[in-house]
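# Topology and contacts: notes
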Amino acid sequence: MADVTPLRTAAETGLSKLFEVRRLKLPGAAIAREEAFRYFEAMGLPHRRVEAFKYTDLRAALREAAPPAEAPADAAAREAVAAARGFAGLDAARISFVNGHLVGGASDLAGLPAGVAVVPLSAALTNGDPLLAHLAPVAQSRENPIYQLNAAFMADGAVIRVAAGAKVERPLHLRFVGTGREAFSTATRVLVVVEAGAEVTVLETHEGPDGVAYQPNDALDVVVAEGGRFLHSRLNAEGDAAVALSTVSARLGAGAHIETVNLVLGAVLSRHQLYLHFAGENATATVNGATMLRDGQLADSTLLADHAAVGGVSREQFKTVIDGDATGVFQGKIIVQQLAQKTDGKMKSDCLLLTDEGQMMNKPELEIFADDVVCGHGATCGAPDEDLLFYLMARGLPRPEAESLLVQAFLGEAIEAVSHAGARAALIGEIEAWLARRG
Amino acid sequence: MPAVQETVDRVRAIDVDQYKYGFETTIEMEKSERGISEDVIRFISAKKDEPAWMLEWRLDAYRRWQTMKEPNWARVSYDRIDYDQLYYYAAPKRNAAASLDEIDPEILKTYEKLGIPLREVELLEGIAPQNRVAVDAVFDSVSVATTFKAELAKAGVIFMPISEALREHPELVRKYLGSVVPVTDNFFATLNSAVFSDGSFVYIPPGVRCPMELSTYFRINERDTGQFERTLIIADKGSYVSYLEGCTAPKRDDNQLHAAVVELVALDDAEIKYSTVQNWYPGDNEGRGGIYNFVTKRGDCRGANSKISWTQVETGSAITWKYPSCILRGDNSRGEFYSIAVSNGMQQVDSGTKMIHLGKNTTSRIISKGISAGRSQNTYRGLVSAHKKAKGARNFTNCDSLLIGDQCGAHTVPYIESKNASAVFEHEATTSKISEDQMFYCQSRGLTEEEATALIVNGFVRDVLQQLPMEFAVEAQKLISISLEGSVG
């Protein structure tokens, strides 16, 4: 049963040792880190007997705790950033992180759009920035061991404030690049505070070296005040041996809107966690995910949408394409609190299995305590429709092309929601490139 | 919907007033000593004159049970059960089942009051033969009467209490008992394996279509007593049986445990249709009393082209923890699960099914309708999985929840695990309240609000009611309206 404490694994012992060494060197209040780590330590690395990690056994996947990466030398950092390709063609204000550290020399901190202020997280922690009161905006995420591990080890990141009423057209691009030949770990935290009536587009890319078992653990905390809009596109193009953990926690004020779309291509194991808290009335959310997996990969999308106020609307759509011996996981939960009458929540997870070896685990949950709501979820899983393939092949397309076309159309539904046209086109480009590599 | 708000208080009051089967029968009973021990198990086994292997089986289960922990993953909460305070065996003293005349008249009266016919003669009069139902009546720990045994035997059908089957057909029981729900399957199944007392045993020989519906009626009567029945149904090649199950219990302030195990085995081309109308005492409006219904039900479609269909109408019990499941082992086998779970007052329901696709071209269908009212919590929890070898597996799942009032909760927890590409799984779930448009439409045609609600609720559960045998469907429909009385008509 879940409450049996098993022997600690090498990775768990390793993390404890690392924490002992690191805790006083890291910026900010040691007490908060201590609390976070003790929370994690009590739970240990989550495994399949822990319900929320039933399909993603981190204890088995993380055999060793990789040492935290040090800040790289400036030249090396610039070189790594120059090689990054995600959203590279888009006009955006870029903030670059190499091995988890903000690299000012490779960022446009001086050329930020009007209304946007960015402070490196390390500086904010050292100086006790008042905006840090907004950290960890969703209560449920604090019960998550991955998120707590991030809280214990977070070394750098950014605190971004979008001033009230500012409509920021030029997107901010948070560019995370890993570099190195030995295994390393990173823990970054970005906090975005969107003040009342403001709007911002944030692009996020994660890239790193193939063949290196590095371990990124990234967290994005978002607070959207009344009437604010936060538009977010994320690309996971991590290296093929990475174990990539990430968490987005967002708190929505009255009439606020969040749009977050995540495209997963990389990492041998990835888990992307989304926590949404509808704190104000009539807040809305569009949460989409597109995942493309090939041999040996596992990608987990876990979502919790907590409706705590009247009139919230959430739309979640997750699409997974599995080629070869890979595993897709979707766990989604819509909670409607007793006060959250008139909630409208719809969640859908669809999966295309291109070969017989793939597997998909779906767990879409509803937890409803209010009566005047409309909530639903759907889940489907199957191979590409032979009739559709036949239709396309009868029009002269070879089978692989016909299949690619169907996959594009299938994933397209999730990507279409991206408001920023450039980001949308770039994500579609990534999907096409993946399909082209498949041949 | 404002009217629902208004009726919340009335809904709260209903359980105490509405439960019609809450009476107690005063009768001399013989009981085991309080609590559970190897001695108690030996006592039960001796009472039933069981073969030695059965006693060993029970003792083995008991030893394993002692090492197990009570599961806590379901969305239900209750005070710890003190297993040492329960009676595990209680039987009427006058229980010479040789003929109905020897049964304690109080028991006969009880079943009469419950509307369960135990006298074949009465049954035969004026009722068309095709509507006859054979009944096995279980009173606390023992079966007190089984009807139509002789006539069924002519067709080769074995229908008897399992304790009798252990004496008369030990080889059959031994072959199949525990083959679907293993002794150590879960905490409550293991406890049942150690102390089970009575339940039905059914064997349908190859090629036989059972000439009448079979049924078991479970009645808990004695205070502080757990009921641990065990039902085993085997449909041999090419046979068919429809089996019904009903249950009630007296109103009491303390909780009583019902931990049953039902095992179904369908061999090649066989079909089993298993229907339940569960109406255990649900407790009063403050959540005092009521039955803890912790049941393990599982069917094994062992043969090719076999079919098992579960239909359940759940209106009773303080807590329901129950997942009738199908293991689709044979190629082309089919599993079905139709469920209506109505919760009101302080009831807690955590129920659903598992469809485990192992064979090729296996199909399954899940239709689950949950209705929550009062301050109840109603959870659907289900698993659909396709093994790598289950080529061409198909599942369709639909679970809908309806909330009446804003103090209750409706939850859906499905697990959908697909391990091969040729499996096609579809799942949909919705939660809503009764639509104002529908209400307006009905009311503008002259129906009162309660009538309109009842009509809509009946439409909501229609898919499931249609699966029930005729007599049951009528009873189930009545039960649903009684359960919701106050909030619906």
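Residues numbered from 1 in each chain as written. Chains lettered and ligands numbered in written order. Predicted model: local features only at pLDDT ≥ 70, side-chain atom pairs only at ≥ 80, totals over all residues.

Under an unreviewed UniProt entry, chain B has the name FeS cluster assembly protein SufB and belongs to Methylobacterium crusticola. The Sequence similarities (unreviewed entry) comment attached to chain B in UniProt states, word for word, "Belongs to the iron-sulfur cluster assembly SufBD family." (UniProt positions renumbered as here; feature names shortened; annotations may be inferred.)

An unreviewed UniProt entry annotates chain A as FeS cluster assembly protein SufD of Methylobacterium crusticola.

Summing up its helical and strand segments, chain A has nine helices and 19 strands in all. For chain A, the C-alpha radius of gyration of 21 Å lies close to 22 Å, the compact-globule estimate for 439 residues. Each principal axis of the C-alpha atoms in chain A carries an extent, and together these give about 65 × 50 × 50 Å. Residues classed as buried in chain A amount to 57% of the 439 residues present. Summarising the internal contacts of chain A: among those between residues at least 6 apart in sequence, 84% fall at separations of at least 24. (Helix = DSSP H or I, 4+ residues; strand = E, 2+ residues; numbered from the N terminus. Rg over C-alpha atoms; globule rule 2.2 N^0.38 Å. Buried ≥ 20, exposed ≤ 12 C-beta atoms within 10 Å, placed from the backbone. Contact = placed C-beta atoms within 7 Å.)

When you go through chain B residue by residue, the secondary structure sums to 13 helices and 24 strands. Looking at chain B as a whole, 57% of its 489 residues are labelled buried. At a minimum sequence separation of 6, the contacts of chain B that also span at least 24 residues come to 84%.

Our next topic: the UniProt feature "domain: SUF system FeS cluster assembly SufBD core" (unreviewed entry) in chain B. According to UniProt, the positions carrying the feature "domain: SUF system FeS cluster assembly SufBD core" (unreviewed entry) are residues 218-460 of chain B. Along residues 218-460 of chain B one finds 9% helix and 53% strand; the C-alpha atoms at either end are 28 Å apart.

Take the environment of Leu 389 of chain A next. Residues and elements named next belong to chain A. Within the element layout of this structure, Leu 389 appears in helix H7 (residues 386-394). Looking at Leu 389, the number of C-beta atoms within 10 Å reads 17, which means it is partly exposed. The spatial distance from the C-alpha of Leu 389 to the C-alpha of Arg 399 is 7.2 Å, given a sequence separation of 10 residues. Ignoring sequence-local partners within four residues, the contact set of Leu 389 consists of Pro 384, Arg 399, Ala 402, Glu 403 and Leu 406.

All names here are of chain A. Of all 10 residues in strand S17 (residues 344-353), eight are buried, a share of seventy percent or more. With 10 bridges joining them, strand S15 (residues 313-322) and S17 adopt parallel strand pairing. Paired with Thr 320 across the strands is Cys 351, a residue of S17. With nine bridges connecting them, S17 and strand S19 (residues 374-382) associate as parallel partners. The residue bridging Leu 352 from the neighbouring strand is Gly 382, located in S19. (Pairing = 2+ DSSP bridges.)

Residues and elements named next belong to chain B. In this model, chain B carries an average pLDDT of 84, and 88% of its residues clear a pLDDT of 70 or more. In this model residues 1-17 is a low-confidence stretch, pLDDT under 50, and it forms 36 contacts with partners more than four residues away in sequence or in other chains. Predicted confidence for residues 123-130 stays below pLDDT 50, and this span has three contacts to residues more than four positions away or in other chains. Across the assembled chains, the prediction reports ipTM 0.85 with pTM 0.87. (pLDDT = per-residue confidence, 0-100.)

We now examine the interface of chain B and chain A. Contact residues are listed per partner, giving 32 residues for chain B and 33 residues for chain A. Listing elements by their share of the side of chain B that touches chain A, those giving two or more residues are strand S23 (409-418) and strand S24 (424-432) of chain B. Of the residues forming the side of chain B that touches chain A, the biggest block, 10 residues, is contributed by S23 of chain B. By residue class, the composition of the side of chain B that touches chain A is 14 nonpolar, 11 polar and seven charged. Two strands pair when backbone bridges link them, and S19 of chain A and S24 of chain B are joined in this way by eight bridges, in the antiparallel orientation. In the strand pairing of S24 of chain B, Cys 381 of chain A is matched with Phe 425 of chain B. (Nonpolar A, V, L, I, M, F, W, Y, C, P; charged D, E, K, R; others polar.)

This part is about the packing of helix H8 (residues 399-415) of chain A against helix H9 (residues 421-438) of chain A. Residues and elements named next belong to chain A. Contact geometry for H8 and H9: axes closest at 11 Å, N-to-C directions at 150 degrees. Comparing the axis directions of H8 and H9 gives the class roughly antiparallel. Between H8 and H9 lies a crossing whose hand is right-handed. Residue-level contacts link Ser 404, Val 407, Gln 408, Leu 411 and Ile 415 of H8 to Arg 424, Leu 427, Ile 428, Ile 431 and Leu 435 of H9. By residue class, the composition of the contact of H8 with H9 is seven nonpolar, two polar and one charged. (Axes fitted to C-alpha atoms, helices over the stretch in contact; angles between N-to-C directions. Parallel < 35°, antiparallel > 145°, perpendicular 65-115°, else oblique. Left-handed = near helix turned anticlockwise from the far one by under 90°.)

In this section: the nonpolar core. Core analysis: the largest hydrophobic core is formed by 276 residues, its most contacted members being Val 194, Val 224, Leu 252 and Leu 276 of chain A together with Val 202, Ala 235 and Ile 272 of chain B. Ignoring sequence-local partners within four residues, the contact set of Val 194 of chain A consists of Val 162, Val 200, Val 223, Val 224, Ala 225, Gly 228 and Phe 230 of chain A. (Core = buried A, V, L, I, M, F, W, Y, C linked by C-beta atoms within 7 Å.)

Turning our eyes to something else, we now look at the environment of Val 135 of chain B. All names here are of chain B. Position of Val 135 among the secondary structure elements: in strand S3 (residues 133-139). Judged by local crowding, Val 135 falls into the buried class, with 25 C-beta atoms found within 10 Å. Spatially, the C-alpha atom of Val 135 lies 25 Å from that of Gly 290, the residues being 155 residues apart in sequence.

We now examine the UniProt feature "domain: SUF system FeS cluster assembly SufBD N-terminal" (unreviewed entry) in chain A. Residues annotated in UniProt with the feature "domain: SUF system FeS cluster assembly SufBD N-terminal" (unreviewed entry) correspond here to residues 32-173 of chain A. When the span residues 32-173 of chain A is considered, its composition is 30% helix and 15% strand, and the gap between its end C-alpha atoms is 29 Å.

Another aspect to go through is the UniProt feature "domain: SUF system FeS cluster assembly SufBD N-terminal" (unreviewed entry) in chain B. As annotated by UniProt and renumbered to match this structure, "domain: SUF system FeS cluster assembly SufBD N-terminal" (unreviewed entry) occupies residues 149-209 of chain B. Within residues 149-209 of chain B, the helical portion is 48% and the strand portion 15%, while the C-alpha atoms at the span's ends are 16 Å from each other.

Our focus in this paragraph is H8 of chain A. All names here are of chain A. In this model H8 runs 24 Å from its N-terminal to its C-terminal C-alpha over 17 residues, within 8% of the 24 Å that 1.5 Å per residue would give. Taken together, the buried positions of H8 are occupied by Ala 402, Glu 403, Ser 404, Val 407, Leu 411, Ala 414 and Ile 415. Summarising the contacts, the buried residues of H8 are in contact with strand S11 (257-264), strand S13 (284-293), S15, S17, H7 and H9. (Expected span 1.5 Å × (residues − 1).)

Attention now moves to the UniProt feature "domain: SUF system FeS cluster assembly SufBD core" (unreviewed entry) in chain A. If you check UniProt for "domain: SUF system FeS cluster assembly SufBD core" (unreviewed entry), the listed places come out as residues 182-410 of chain A in our numbering. As annotated, residues 182-410 of chain A comprises 9% helix and 59% strand, and the C-alpha atoms at either end are separated by 37 Å.

Along the chain, the position of Cys 351 of chain A falls in strand S17. Distance from Cys 351 of chain A to Gly 44 of chain A, taken between C-alpha atoms, is 31 Å for residues 307 residues apart in sequence.

Residues and elements named next belong to chain A. Despite not being glycine, Asn 99 shows a phi value in the positive range, around 50 degrees. Summarising the element assignment, Asn 99 is placed in the loop between strand S1 (93-98) and strand S2 (101-102). Since 27 C-beta atoms lie within 10 Å of it, Asn 99 is described here as buried.

Turning next to helix H9 (residues 187-195) of chain B. All names here are of chain B. Of all nine residues in H9, eight are buried; the element is thus mostly enclosed. Considered for burial, the residues of H9 that qualify are Phe 188, Ala 189, Thr 190, Leu 191, Asn 192, Ser 193, Ala 194 and Val 195. Those residues of H9 hidden inside the fold are in contact with helix H2 (38-47), helix H3 (52-66), strand S8 (230-235), strand S11 (261-266) and strand S13 (290-301).

All names here are of chain B. Contact pair helix H10 (residues 436-444) / helix H11 (residues 449-460): the axes reach a minimum separation of 9 Å and the direction vectors enclose 125 degrees. The angle between H10 and H11 falls in the class oblique. Our pair here, H10 against H11, has a crossing hand that is right-handed. Of the residues in H11, those in contact with Gln 438, Met 439, Cys 442 and Gln 443 of H10 are Glu 449, Ala 452, Leu 455 and Ile 456. Along the lines of polarity and charge, the residues of the contact of H10 with H11 split into five nonpolar, two polar and one charged.

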